[in-house]
Amino acid sequence: MTMLGQYRARDSILHRLPAGAKLIGLVVVIVAVVVPPPTWWGLGAGAVVVIAGYLVGRLGLAELWRQILAVRWLIVFIVVVPLIFLPIPTVLATAARVVIVLLLAAIVTLTTRTTEILDAVERALRPLRRFGVNPDRIGLMLALTIRTVPVIAGLAGELRDAQRARTGRLSVKAFVVPLLVQSLRHADDTADALAARGVE
Amino acid sequence: MKTTLNDITRIATFAAIIAVLGIPGAVSPFGMAVPITLQTLGVMLAGAILGWWRGAASVLVLLVLTAAGLPLLSGGRGGIGVFFVPSSGYLIGWVLGAAVVGVIVHAGATRPVWWRVALGTVVGGMLAIYAVGIPVMAAMLGLSLGEATIANFAFVPGDAIKAALTVALTMAVWKAYPRAFVTPRQPRVEPTPVSVR
Amino acid sequence: MLSGQHDSARDSDIALTRVTVRHPTAAGEVTALDDISLETCAHNLAVIGLNGSGKSTFARLLNGLRTPTQGSVSVGGLDTVTDVRMLRRKVGFVFTNPDAQIVMPTVAEDLAFSLRGRGLSTGQIAERVAAVLAENGLAGHADLPAHDLSGGQKQMLAIQSVLVAEPSLIVADEPTTLLDARNARRIADLLLGLPQQCVIVTHDLELAARCDEALLFDNARLITQGNPRDVIDRYLSEIVARP
């Protein structure tokens, strides 16, 4: 599992913008797309903003196409399911709106490092200190999770192989119970290690 | 509420477990015939095993990391976009769902009881998640609540199986590792012997 | 033996006074250590015994991860119950499994984690981290996910994360058990060659023999303390050979 997320390293204005500004900007643009009732003009303007975003962010139209391909099954779902209840033009307009919002959100994800977003989250939580929220603890929890995912994935792989070797097939119970028990043991070992490293 | 180091590592570990249950091929209950995601199973287990606030926190941690761009949802999905699709309500519903499961399983109990876990997974793991998921889907797709509820029935069989699995798994974990259900105030028992030579 | 260059004046006195450790289990109360009294200031101290003999509990007493049910433990004059904050700064702990010990996603972040809360600037921390990486052949690995390291490299990182905090005593609980022979040798050489005092719990009798002193635990009791060769002989003849 890659822990780099989907960041595409480029040198662009969008990459240099602070993560917090991009997130707020995204919310503003999404509200502008979603709140007014859909018109073909509005959707056209949204499409222009999306294309402009991929060009300004130096991500390129190939990346835009990759992002559309990545959500092709979702597009099928959001077109097919409402068709049971709604007329075709309404369904297409709604689907177009969802796709525009997704592609806009992807611009933020593609131009912002995971760590920048996590730092922005920690900063945003700082005013909550007076209510007993400890941003450092939350930061530690987030970092620890990133570290723990490959460890648990490794445990899962070993258990799967061990079970195949013994029975040749997989049962959910015989797989998930030891995965949970070993993972919780790992959690307790890690708590000891944090204490030993002077975390209180 | 003071978080202990055990709270922190268990929350992080359960967030990781939910992520790993989404890796394709990690677990495939019915061969590969039904591409079922076990992440909701992880959400129900988080509430049932960790209790309401740690369970909800582990889901929240997973969602924050996903928003930050990590591909932690089933099928390697990640990024802020996952919060702006018709199914996003279900993701937000996971937080509430884990909390409700935790309350029903843990409130006033010293050990998990199977019927409480069953009740918890139906009310928390299914109804609570639907309660957030259905209105969001309806709003995003322009459907009425009734229509969205009908569409939602596609998820019910899979979720019912996961709820039943959660009962069996929770009781089995209680037998194998009772410490899982209590936050240790005391230092832990004996470190596991790593190898016997 | 290997301790020629060290400054023994800096080595801490480890003292246990009538220490008993009990813990509850499903099957009732279990005694992990039973009325142990000892004193040592050996530079490299080996701790040997069978699985479950109490040696890991002994190691965890030294940095306050376990606390005595009865009696008291002091390390370098610090009581492990009342002075635990100071103690954790002074005593570094190396675990068997580095996966539990490495808590940050990347190599450099994990080293930096050991230096937080010491009033160092970000720049100073980065400098220290870079220096440690360069000294240990991990220079190109700074931003690598810890997960991508080999088993030997992970244990090396875990130990360097302990060392970067500059403890004066290092306690290692079976640090070589998960490693292949070559990496085990490398980690043993590193620990025994440190200027700091080391307590090493181990099943590796070759490593134990290289220490200055050894303790033998069996069934929660301290059986003997002394010259590693004699202690190992007694372990093999009395305990390992026991039917």
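Because the structure is predicted, anything quoted here is derived from the model rather than measured.

Here is what the cut-offs are and how they apply
Numbers given for residues are sequential positions, taken from 1 along each chain in its written order. Chains carry letters from A onward and ligands carry numbers from 1 onward, assigned in written order. Reporting in this predicted model follows two pLDDT cut-offs: at least 70 for local features of residues, and 80 or more for side-chain atom pairs to be given and counted; totals over whole chains, interfaces and linings ignore these cut-offs and use all residues. Excluded from the side-chain calculation are hydrogens and water; included are all heavy atoms of the structure. Helix numbers and strand numbers start at the N terminus; a helix is a DSSP run of H or I with at least 4 residues, a strand a run of E with at least 2. With C-alpha atoms as the basis for the radius of gyration, the globule rule is written as 2.2 Å multiplied by the number of residues raised to the power 0.38. Each residue's exposure class comes from its accessible area (1.4 Å probe, protein chains only) as a fraction of the maximum for that residue type: buried when under 20%, exposed when over 50%, partly exposed otherwise. Contacts between residues were defined by any pair of non-hydrogen atoms, one from each residue, lying within 4.5 Å. Using a 1.4 Å probe, the Shrake-Rupley method yields the accessible areas, and only the shown protein chains count as cover for residues. Note on charges: Lys and Arg go in the positive column, Asp and Glu in the negative column, and His and the chain ends are not counted at all. The location of each charge is read from NZ of Lys, CZ of Arg, CG of Asp or CD of Glu. By nonpolar core is meant a set of buried Ala, Val, Leu, Ile, Met, Phe, Trp, Tyr and Cys residues that side-chain atoms within 4.5 Å join together. Each domain's limits were defined by an automated method or a database of domain assignments. Two parts placed together each lose some accessible area under a 1.4 Å probe, and adding up what both lose gives the buried area. By convention in these notes, a salt bridge is any Lys or Arg side-chain nitrogen within 4 Å of a carboxyl oxygen on Asp or Glu. Nitrogen and oxygen atoms within 3.5 Å of one another constitute a polar contact, given that in protein one can donate a hydrogen and the other can accept it, and given that sequence-neighbouring residues count only through two side-chain atoms. Being paired, for any two strands, means DSSP has found at least two bridges between them. Note on geometry: axes are C-alpha line fits, over the in-contact stretch for helices, and angles between N-to-C directions span 0 to 180 degrees. The pLDDT value tells you how sure the predictor is about a given residue, anywhere from 0 up to 100. For patch building, the residue pool is restricted to those with more than 30% relative accessible area and no salt bridge; the joining distance is 9 Å between like charges and 5 Å between nonpolar side chains (Val, Leu, Ile, Met, Phe, Trp, Tyr).

### Considering the overall build of chain C
Step number 1: Across its full length, chain C carries nine helices and 10 strands.
Step number 2: A compact globule built from 243 residues would reach a C-alpha radius of gyration of about 18 Å, and chain C, at 18 Å, matches this within 12%.
Step number 3: When the 243 residues of chain C are sorted by exposure, 53% land in the buried category.
Step number 4: In chain C, of all internal contacts separated by at least 6 residues, the share reaching a separation of at least 24 is 67%.
Step number 5: Here chain C displays about 10,300 Å² of accessible surface, and carbon together with sulfur accounts for 49% of that area.
Step number 6: The centroid of the 22 positive side-chain charges in chain C is displaced by 3 Å from the centroid of its 29 negative side-chain charges.

### Side note on the overall build of chain A
Step number 1: Tallying secondary structure elements over chain A gives nine helices and zero strands in all.
Step number 2: Scanning chain A from its N terminus toward the C terminus, one meets helices and strands in the order α-α-α-α-α-α-α-α-α.
Step number 3: At 22 Å, chain A has a C-alpha radius of gyration far larger than the 16 Å of a compact globule built from 200 residues.
Step number 4: With the C-alpha coordinates of chain A rotated into their principal frame, the extents come out at 60 × 50 × 35 Å.
Step number 5: Across the 200 residues of chain A, 46% fall into the buried class.

### Description of the nonpolar core
Step number 1: Formed by 126 residues in total, the largest nonpolar core has its most connected members in F14(B), I49(B), L16(C), F58(C), L62(C) and V199(C).
Step number 2: Residues from two domains meet in this core; each of domain 1 (13–125) and domain 2 (134–196) of chain A gives at least three.
Step number 3: Each residue touching I49(B), except ones within four places of it in the same chain, is listed here: L180(A), L184(A), F14(B), H106(B), V173(B), A180(B) and F181(B).
Step number 4: Counting residues in each nonpolar core, the second largest holds 28 residues, with I170(C), L207(C), A214(C) and Y235(C) among its members.

### Some points on the interface of chain A and chain B
Step number 1: Between chain A and chain B, the contact holds 60 residues from the first and 60 residues from the second.
Step number 2: Buried surface at the junction of chain A and chain B, summed over both partners, amounts to about 5,300 Å²; 80% is from carbon and sulfur atoms.
Step number 3: Inspection of the region where chain A meets chain B yields two salt bridges.
Step number 4: At the surface where chain A touches chain B, the tally comes to eight residue pairs in polar contact (both at pLDDT 80 or more).
Step number 5: In terms of residue count, the dominant contributor to the side of chain A that touches chain B is helix α9 (residues 172–196) of chain A (18 residues).

### Things to note about the interface of chain C and chain A
Step number 1: Contact with chain C, which involves 23 residues of that partner, is made by 19 residues of chain A.
Step number 2: Here chain C packs against chain A, burying approximately 1,800 Å² in sum over the two surfaces, 59% of which is carbon and sulfur.
Step number 3: Together, A100(C), V103(C) and H147(C) form the three largest contributors to the area buried by chain C at its contact with chain A, with a combined 26%.
Step number 4: For the interface between chain C and chain A, the tally reads three salt bridges.
Step number 5: A salt bridge links E200(A) to R85(C); its shortest N-O distance comes to 2.8 Å.
Step number 6: Here chain C and chain A share eight residue pairs in polar contact (both at pLDDT 80 or more) between them.

### Focus: the environment of V181(A)
Step number 1: Following the sequence through the fold, V181(A) ends up in helix α9.
Step number 2: Among all residues touching V181(A), those that are not within four sequence positions of it are A176(B) and Y177(B).

### Points about the sheet that holds strand β3 (residues 44–49) of chain C
Residue and element names in this part refer to chain C.
Step number 1: Taken in spatial order, the six strands make up an open sheet running β6-β7-β8-β3-β9-β10, and their pairing is mixed. Every other strand in the sheet has two partners, leaving β6 (91–94) and β10 (221–226) as the edge strands with one partner each. Each strand of the sheet is rotated relative to its neighbour by a mean of 15°, with strand direction disregarded.
Step number 2: Here five bridges tie strand β9 (residues 213–218) to β10, and the two strands are oriented antiparallel to one another. In the sheet register, A214 faces β10, and the bridge partner there is G226.

### Regarding the pairing of strand β1 (residues 14–25) of chain C
Residues and elements named next belong to chain C.
Step number 1: Pairing between β1 and strand β2 (residues 28–40): nine bridges, direction antiparallel. Looking at β2, one finds that V21 is bridged to L33.
Step number 2: Two strands pair when backbone bridges link them, and β1 and strand β4 (residues 70–75) are joined in this way by five bridges, in the antiparallel orientation. Note that in β4 the partner of I14 across the bridge is V75.

### Quick notes on the confidence of the model for chain C
All names here are of chain C.
Step number 1: With 95% of its residues at a pLDDT of 70 or more, chain C shows a mean pLDDT of 90.
Step number 2: A low-confidence stretch, residues 1–7 stays under pLDDT 50, and its non-local contacts, those more than four residues away or across chains, total 11 contacts.
Step number 3: Scored by ipTM, the complex comes to 0.86, with pTM at 0.87.

### Description of a nonpolar patch on the surface
Residues and elements named next belong to chain B.
Step number 1: Together, W114, W115, L119, V122, V123 and L127 make up a nonpolar patch on the protein surface, roughly 610 Å² of accessible area in all.
Step number 2: Note that V122 resides in helix α5 (residues 114–141).
Step number 3: V122 sits in the partly exposed class, given a relative accessible area of 39%.

### Some points on the sheet that holds β4(C)
Residue and element names in this part refer to chain C.
Step number 1: Taken in spatial order, the four strands line up as β2-β1-β4-β5 in an open sheet, and their pairing is antiparallel. The sheet is open, and its two borders are formed by β2 and β5 (78–79), each paired with just one other strand.
Step number 2: Pairing between β4 and β5: two bridges, direction antiparallel. Paired with S74 across the two strands is D79, which belongs to β5.

### Digging into unusual backbone geometry
Residue and element names in this part refer to chain C.
Step number 1: A positive phi angle, near 50°, is found at D35, a position not held by glycine.
Step number 2: Among the structural elements, D35 can be located in strand β2.
Step number 3: Even without glycine at this site, E174 takes up a positive phi of about 45°.
Step number 4: Among the secondary structure elements, E174 is positioned in the loop between β7 (169–173) and α7 (181–192).

### Regarding the pattern of salt bridges
Step number 1: For the coordinates displayed, the defined rule picks out 20 salt bridges over all chains.
Step number 2: The shortest N-O distance in the salt bridge between R8(A) and E63(A) comes to 2.9 Å. Note that R8(A) is positioned in the segment before α1 (13–16) and E63(A) in helix α4 (residues 60–70), a separation of 55 residues in sequence.
Step number 3: Judged by relative accessible area, which is 24%, R8(A) ranks as partly exposed.
Step number 4: The salt bridge involving R18(C) is made with D35(C); its shortest N-O contact spans 2.9 Å.

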